[in-house]
Amino acid sequence: VQLQASGGGLVRAGDSLRLSCTASEGTIVPYVMGWFRQAPGKEREFVATISRGGTVRDFADFVKGRATISRENAKNTVHLRMNSLKTEDTAIYYCAARQGVTGQTINSINQYDFWGRGTLVTVSS
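Here's a quick rundown of the structure. Note that the structure is predicted; figures quoted are calculated from it, not measured.

Observations regarding the side chain of T119
Of note, T119 is situated in strand 11 (residues 119-124). Owing to a relative accessible area of 8%, T119 belongs among the buried residues under this scheme. There is a polar contact of 3.0 Å between the side chain of T119 and the backbone nitrogen of G8. When neighbours within four sequence positions are excluded, T119 is seen to be in contact with A5, S6, G7, G8, L19, A91, I92 and Y93.

Below, the structure written as structure tokens:
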């Protein structure tokens with residue numbers, strides 16, 4: 001499956017943003033999906049993940065309470081919405097996929113098999 005993230009841009013602190021990840025050449029139905037980000041000079045880190053059926057979600061502590069993750073399997077798309085953006089949220093955001101079982105979520109970067117090109121989010125003060 002090929003993934004492409006979109007929706008990034010320049011926003012102000014306190015704004016909201018919705019990122020999308022669309023799969024081509026395949027379906028996301030069998031896949032656990034995840035979002036990661038990489039800020040300049042830092043390692044890529046986990047942001048959020050959602051199970052195949054969309055019923056189980058997990059978030060990194062730094063976005064809990066201000067992010068939601070959802071999926072539209074019929075459209076092969078996963079969304080990440082982040083509210084109350086902070087300057088430290090500035091990063092390239094990547095989506096990833098790995099085949100999983102019902103109810104499974106994955107927050108380990110090393111377990112994902114497919115990665116999309118990222119989308120840059122810049123949060124200004």
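Continuing now.
Concerning the pairing of strand 8 (residues 77-82)
With five of its six residues buried, strand 8 lies for the most part within the structure. The sheet contact formed by strand 3 (residues 17-24) and strand 8 spans six bridges and is antiparallel. Looking at strand 8, one finds that T22 is bridged to T77. Pairing of strand 7 (residues 67-72) with strand 8, which is carried by six bridges, proceeds in the antiparallel orientation.

Examining the state of the cysteines
Enumeration over the complete set of coordinates arrives at one disulfide. Each sulfur in the disulfide pair C21 and C95 lies 2.1 Å from the other. Here C21 and C95 share a disulfide; its torsion about the S-S bond, 65°, makes the bridge right-handed. Separated by 74 residues along the polypeptide, C21 in strand 3 and C95 in strand 9 (residues 91-99) bring together distant segments of the chain. With relative accessibility at 1%, the residue C21 sits in the buried group.

What to know about the packing of aromatic side chains
This structure, assessed with the given rule, holds five aromatic pairs. When the centroid spacing of 5.8 Å and the interplanar angle of 90° are considered together, the rings of Y31 and F114 count as edge-to-face. Of this pair, Y31 sits in strand 4 (residues 31-38) while F114 sits in strand 10 (residues 114-115), placing them 83 residues apart in sequence. A relative accessible area of 8% places Y31 in the buried class. An angle of 70° between the planes, with centres 5.8 Å apart, marks the rings of F36 and F46 as edge-to-face. Within this pair, whereas F36 is found in strand 4, its partner F46 is found in strand 5 (residues 45-50), the two being separated by ten residues in sequence. Considered together, F36 and F46 belong to a single accessibility category, that of buried residues. Members of the aromatic cluster, each reached through a chain of ring pairs, are F36, F46, Y112 and W115. Sitting over the face of the ring of Y94, R44 holds its NZ or CZ atom 3.7 Å from the ring centroid.

Some points on the pairing of strand 4
When you tally the buried positions in strand 4, you get seven out of eight residues, the bulk of the element. Judged from the eight bridges that link them, strand 4 and strand 9 form a sheet pairing that is antiparallel. Within the sheet, the bridge partner assigned to G34 lies in strand 9 and is A96. Of the pairings in the sheet, the one linking strand 4 to strand 5 comprises five bridges and is antiparallel in character. Among the inter-strand pairings, M33 is bridged to a residue of strand 5, identified as I50.

Procedures and definitions
- Residues numbered from 1 in each chain as written.
- Predicted model: local features only at pLDDT ≥ 70, side-chain atom pairs only at ≥ 80, totals over all residues.
- Heavy atoms only, no water.
- Helix = DSSP H or I, 4+ residues; strand = E, 2+ residues; numbered from the N terminus.
- Buried < 20%, exposed > 50% of the residue type's maximum accessible area, 1.4 Å probe, protein only.
- Polar contact = N/O pair within 3.5 Å; in protein donor to acceptor, adjacent residues only side chain to side chain.
- Contact = heavy atoms within 4.5 Å.
- Pairing = 2+ DSSP bridges.
- Disulfide = S-S within 2.5 Å.
- Phe/Tyr/Trp six-rings, centres within 6.5 Å; stacked < 30°, edge-to-face > 60°.
- Lys NZ or Arg CZ within 6 Å of the ring centre and 35° of its normal.

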